[in-house]
Amino acid sequence: MLISDTTLSLDNVAPNNTYRNVHFTYSSRAINIQDVTFERVTFDQDDFSDSTWSDVIFDHVDLSNTDFANAIFYRTSFNNTQLTGVNFSGLQSEWRDTQINNSLADFINVSGTTFQTVTFNNTRVRDSFFHGIRIKKSLRFVESDLDNSEFAGSKLANLDVSNAKFETLLFDPALAAGMTINTYQSALLIQSLGINIH
């Protein structure tokens, strides 16, 4: 069912609905959202920590500078979404079968997160923090800008940046085994390690 052009409490979100141009007030309980589409909605709430989102679509939503620490996303899509400065970090954070499409995600922090079959498509993810992440199956960046993002302390097996753009990518060389890059990127990364190419 389509629900549009109104104000609701986040507590009143129900499965199998599309919410369009809805303004959501604060939730007074743990957030567990499933089978919902949010289109061009706004939220009073900026703390979504410890929340769970299953089969959710965010479309044209501004979530900039919000807190999703230790949040869980299953089969969730962020489409044309503003994610600048969002805190997704936490050892309990998990993203599974999730996509970020055509979005702006500079300065995000996903440190400590477990990724399983996650793709960033045509998304800008500059100056972001992927410290100590765990990658199961795959974490891919397709036509996405990762410049100056950091993967310190992260084992990079199953990370595919071969179709991403960057000039600088910070990572631990000892943990890079299994990472997929392209030929051009290999020269950039070798130079960033202080190795001279003749």
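Quick summary incoming for the structure in this document.

Cut-offs and rules
Residues numbered from 1 in each chain as written. Predicted model: local features only at pLDDT ≥ 70, side-chain atom pairs only at ≥ 80, totals over all residues. Heavy atoms only, no water. Pairing = 2+ DSSP bridges. Helix = DSSP H or I, 4+ residues; strand = E, 2+ residues; numbered from the N terminus. Phe/Tyr/Trp six-rings, centres within 6.5 Å; stacked < 30°, edge-to-face > 60°. Buried < 20%, exposed > 50% of the residue type's maximum accessible area, 1.4 Å probe, protein only. Salt bridge = Lys/Arg side-chain N within 4 Å of Asp/Glu carboxyl O.

**Let's talk about the sheet that holds strand E6 (residues 42–43)**
Sheet strands pair via backbone hydrogen bonds, and the direction of the pair is either parallel or antiparallel. The strand order across the open sheet built from 3 strands is E2-E4-E6, with neighbouring strands paired in parallel fashion. The open sheet has two free edges, formed respectively by strand E2 (7–9) and E6, since each of these has just one partner strand. Two strands pair when backbone bridges link them, and E2 and strand E4 (residues 23–25) are joined in this way by 3 bridges, in the parallel orientation. When the sheet's bridge partners are listed, Ser 9 is paired in E4 with Thr 25.

**Things to note about the packing of aromatic side chains**
What the rule picks out here adds up to 30 aromatic pairs. Look at Phe 48 and Trp 53: their rings are 6.0 Å apart centre to centre, the planes differ by 65°, and that puts the pair in the edge-to-face class. When the ring of Trp 53 is compared with that of Phe 68, the centres are 5.9 Å apart and the planes differ by 55°; the resulting orientation is tilted. One end of the pair, Trp 53, is in strand E7 (residues 52–59); the other, Phe 68, is in the loop between E7 and strand E8 (72–74), with 15 residues separating them in the sequence. Judged by its relative accessible area of 1%, Phe 68 falls in the buried class.

**Things to note about the pairing of strand E10 (residues 94–101)**
As judged from the 3 bridges shared by E8 and E10, these two strands associate in the parallel manner. The residue bridging Ile 72 from the neighbouring strand is Glu 94, located in E10. Bridging between strand E9 (residues 77–79) and E10 involves 3 bridges; their strand directions are parallel. Residue pairing for E10: Asn 79 is matched across the bridge by Asn 101. Both E10 and strand E11 (residues 114–121) contribute to a ladder of 7 bridges, which runs parallel. When the bridges of E11 are listed, Thr 98 appears paired with Val 118.

**Examining the pattern of salt bridges**
All told, the structure shown has 6 salt bridges when counted by the stated rule. With its nearest N and O atoms 2.6 Å apart, the salt bridge here joins Arg 20 to Glu 39. Of this pair, Arg 20 sits in strand E3 (residues 17–20) while Glu 39 sits in strand E5 (residues 32–39), and the two are 19 residues apart along the sequence. Where Arg 126 meets Asp 145, a salt bridge forms, and the shortest distance between an N and an O atom there is 2.7 Å. With Arg 126 in the loop between E11 and strand E12 (134–145) and Asp 145 in strand E12, the pair connects residues that are 19 residues apart, well separated along the chain. What makes Asp 145 buried here is its relative accessible area of 13%.

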